[in-house]
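These are the residues of each chain, in order.
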Amino acid sequence: MRNWLLGAALTVGVPAAVGAQTMITLEDAMARARTNTPGARVLAASVAAADARVTQARSGFFPRIDVTQSIQRGNQPVYVFSALLSQRRFTAANFDVQRLNHPAPETNIRTAVGMNQAVYDAGTTRLAVRGAEFRRDLTALDQSGGAQDLAFDAARAFVRVLQLEAAERARAAAVAAAESDLERTRERREAGLVTDADVLAIEVHLADVRQRHIASGGDLVVARIELAEALGLPLDQTVVLVKPAPPAGPLEAGALAREGLNARTERRQAELRVRLAENDRDLTRAAFLPRVGVEASWEFNGSTWAEQRSGWLVGATVALNIFNGFGDRARVTEARQAESRAAAERDQVERRIEVEIRAAVARVTAARARETAGRAALTQARESRRIIRDRYDVGLATVTDVLRSAEAVLDAEARATAAETDVILETVALNRAVGRL
């Protein structure tokens, strides 16, 4: 793709000064689609979000520290009892049964700092981080594949405009040729060599090719708008497309298939899904291992801010999953099956990539052959029309022969243009299949 030679520039859009136009090659169009469109920004945001999830997973390696500030007031017996103890203001008088059952309202202002830290979590955090990294890499490959799809859509819109430009030029030439035929036929009628029927037949043909010219012009306007949308350009911007000349060298399907297996994002995604499934399997097994954590807190309690008294608490916990209704074991089995499925899907993806590449090679080869045949057919159709016109001028051919030769030229031009643009688009499709876009 990068070595394509630049061919003739085809003007697209409302005629304007060249200085006010934007020159765009096929490479430029695909690069714009990958980077300067809303779709490209959507893909980039997805990668940034996935990267943030990796940071979230890594937070499990660090302690959690919370600061809590609260204020309470009430005469609920248990609350008053604990508040006085926390404030270190409890006295023997507070053991009075009457005061215990009917305490005076008490205010407690509490400031606490708490910390929790996992010492050993059976590798859960490490596996969670690895899984988040795999998912981030999958999202990045999704972005790469999505960008290639955007580039291919832009290439398709680019080629569509080239095709319609060529069709419009061909139909404009057909209108000019029909007008010339009409003028010559009228002259022959004035000379008494043909009848009004010949003139009428040419007039009908002229009206038909004019209608086709108008229709192709409308199609071209729509194609220009669709191209601007695919490139993220203002819909009314005038651009000049530079037609590429695709390479004509031989294509070796086997070598391209090997290249595609290494370069295609789908293949790398399939491999990442296998590794992610393995990681999820290890994560489910971690449920059977013990977990150890430590915690600490430091708090201040008082009836006013100035009278707060401090206290602290430290501890450790050990948890071991003894029985969970066979749910954890079932999750391990599920993870193993998901791993087997991911491996099978990887093999399936590899086969599909090779099929796509070999099919793309066949389509490029066929398009090149059609282009060669189309150019030859167009040359023959034009020469046939010239001969029939000369024969008509000397009365050796009918107006039907003239019209038939004109239609043959139009059809040959349409097929030749389609074949020429198909070579460009099928070459882009081959590069997409190989993973070069």
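That block above? That's the structure.
Residues numbered from 1 in each chain as written. Predicted model: local features only at pLDDT ≥ 70, side-chain atom pairs only at ≥ 80, totals over all residues. Heavy atoms only, no water.

Asks: Can you walk me through the sheet that holds strand 4 (residues 106-120) in this structure?
Replies: Each strand in a sheet pairs with its neighbour through backbone hydrogen bonds, running either in the same direction (parallel) or in the opposite one (antiparallel). Reading across from one edge, 3-4-6-7 is the order of the four strands in this open sheet, with antiparallel pairing throughout. Strands at the two margins of the open sheet, each flanked by one partner only, are strand 3 (64-74) and strand 7 (309-319). The average undirected angle you get between the axes of adjacent strands in this sheet is 20 degrees. The sheet strands contacting helix 3 (residues 77-86) are strand 3, strand 4, strand 6 (291-302) and strand 7, and the helix crosses strand 4 at an angle near 75 degrees. (Pairing = 2+ DSSP bridges. Helix = DSSP H or I, 4+ residues; strand = E, 2+ residues; numbered from the N terminus. Axes fitted to C-alpha atoms, helices over the stretch in contact; angles between N-to-C directions. Contact = heavy atoms within 4.5 Å.)

Asks: Even after reading the chapter, I still don't get the pattern of salt bridges, so can you show me in this structure?
Replies: Oppositely charged side chains may form a pair once their charged atoms are brought near each other. Counted by the stated rule, this structure contains 40 salt bridges. In this structure, Arg436 and Glu259 form a salt bridge, with 3.0 Å as the shortest nitrogen-oxygen distance. Remark: Glu259 occurs in helix 7 (residues 253-263) and Arg436 occurs in the segment after helix 10 (399-434); sequence separation between them is 177 residues. You can call Glu259 partly exposed: its relative accessible area is 32%. The residue Glu266 makes a salt bridge to Arg432 at a minimum N-O spacing of 3.9 Å. (Salt bridge = Lys/Arg side-chain N within 4 Å of Asp/Glu carboxyl O. Buried < 20%, exposed > 50% of the residue type's maximum accessible area, 1.4 Å probe, protein only.)

Asks: Looking at this structure, I do not really get the environment of Ala207. What am I missing?
Replies: Mapping Ala207 onto the fold places it in helix 6 (residues 196-231). A relative accessible area of 38% places Ala207 in the partly exposed class. Taking the C-alpha atoms as reference points, Ala207 and Glu179, separated by 28 residues in sequence, lie 9.8 Å from one another.

Asks: Looking at this structure, I do not really get the pairing of strand 6. What am I missing?
Replies: Looking along a regular strand, one sees the side chains alternate between the two faces of the sheet. Pairing between strand 4 and strand 6: 11 bridges, direction antiparallel. Paired with Val113 across the strands is Trp298, a residue of strand 6. The turn linking strand 6 back onto strand 7 is made up of six residues.

Asks: I keep staring at the packing of aromatic side chains and nothing clicks. Help me out?
Replies: Here a ring pair, both rings aromatic, is described through the centre-centre distance and the interplanar angle of the planes. For the structure on display, the rule yields four aromatic pairs. The interplanar angle of 70 degrees and the centroid separation of 4.7 Å between the aromatic rings of Phe81 and Phe90 together place this pair among those described as edge-to-face. Judged by its relative accessible area of 32%, Phe81 falls in the partly exposed class. A connected cluster of aromatic rings, assembled from ring pairs, spans Phe81, Phe90 and Phe95. The ring of Tyr392 carries the charged tip of Arg188 above its face, separated from the ring centre by 4.9 Å. (Phe/Tyr/Trp six-rings, centres within 6.5 Å; stacked < 30°, edge-to-face > 60°. Lys NZ or Arg CZ within 6 Å of the ring centre and 35° of its normal.)

Asks: Would you mind showing me how to read the side chain of Glu106 here?
Replies: As for its position among the elements, Glu106 is in strand 4. Reaching out from Glu106, the side chain makes a polar contact with the side chain of Arg89 at a distance of 2.4 Å. Dropping the residues within four chain positions of it, Glu106 is found in contact with Gln72, Arg73, Gly74, Tyr79, Val80, Leu84, Gln87, Arg89 and Ser303. (Polar contact = N/O pair within 3.5 Å; in protein donor to acceptor, adjacent residues only side chain to side chain.)

Asks: I tried to follow the packing of helix 5 (residues 124-190) against helix 10 on my own but got confused; where do I start?
Replies: A pair of packed helices is characterised by two quantities: the angle between their axes and the separation of those axes. Where helix 5 contacts helix 10, the axes come no closer than 10 Å and their chain directions differ by 165 degrees. One way to sum up the angle between helix 5 and helix 10 is to call them roughly antiparallel. With respect to the hand of their crossing, helix 5 and helix 10 are arranged in right-handed fashion. Partitioned by chemical class, the residues of the contact of helix 5 with helix 10 number 14 nonpolar, five polar and six charged. (Parallel < 35°, antiparallel > 145°, perpendicular 65-115°, else oblique. Left-handed = near helix turned anticlockwise from the far one by under 90°. Nonpolar A, V, L, I, M, F, W, Y, C, P; charged D, E, K, R; others polar.)

Asks: I keep staring at the nonpolar core and nothing clicks. Help me out?
Replies: Nonpolar side chains tend toward joint burial in soluble globular proteins. By size, the foremost hydrophobic cluster in this structure holds 28 residues, and its most contacted members are Ile24, Phe158 and Leu241. Only helix 1 (26-35), helix 5, helix 6, strand 5 (239-245) and helix 10 provide two or more residues apiece to this core. The element that contributes the greatest number of residues to this core is helix 5, accounting for 10 residues. Residues Ala174, Ile202, Leu206 and Ile388 belong to the second largest nonpolar core, which totals 16 residues. (Core = buried A, V, L, I, M, F, W, Y, C linked by side-chain atoms within 4.5 Å.)

Asks: Can you walk me through the environment of Val361 in this structure?
Replies: Positionally, Val361 belongs in helix 9 (residues 327-393). Judged by relative accessible area, which is 7%, Val361 ranks as buried. Between the alpha carbons of Val361 and Val423 there is a distance of 11 Å; along the sequence they are 62 residues apart. Residues contacting Val361, with those up to four places away along its chain left out, are Leu251, Ala253, Leu256 and Leu430.

Asks: Even after reading the chapter, I still don't get empty space enclosed by the protein, so can you show me in this structure?
Replies: In this approach, a probe sized like a water molecule rolls over the atoms, and the result shows the empty space that is left. Applying the stated criterion to the full structure yields one cavity of 30 Å³ or more. In this structure, the largest cavity encloses a volume near 70 Å³. Looking at the largest cavity, the residues that line it are Asp181, Arg184, Thr185, Ile202, Arg389, Tyr392, Asp393, Val399 and Val402. Breaking the lining of the largest cavity down by element, the ones donating at least two residues are helix 5, helix 9 and helix 10. Broken down by class, the residue content of the lining of the largest cavity amounts to four nonpolar, one polar and four charged. (1 Å grid on protein atoms, 1.4 Å probe; cavity = no way out; pocket = protein on both sides within 12 Å on 5 of 7 lines; lining within 4 Å. Points joined across faces, edges and corners; volume = space filled by probe spheres on them.)

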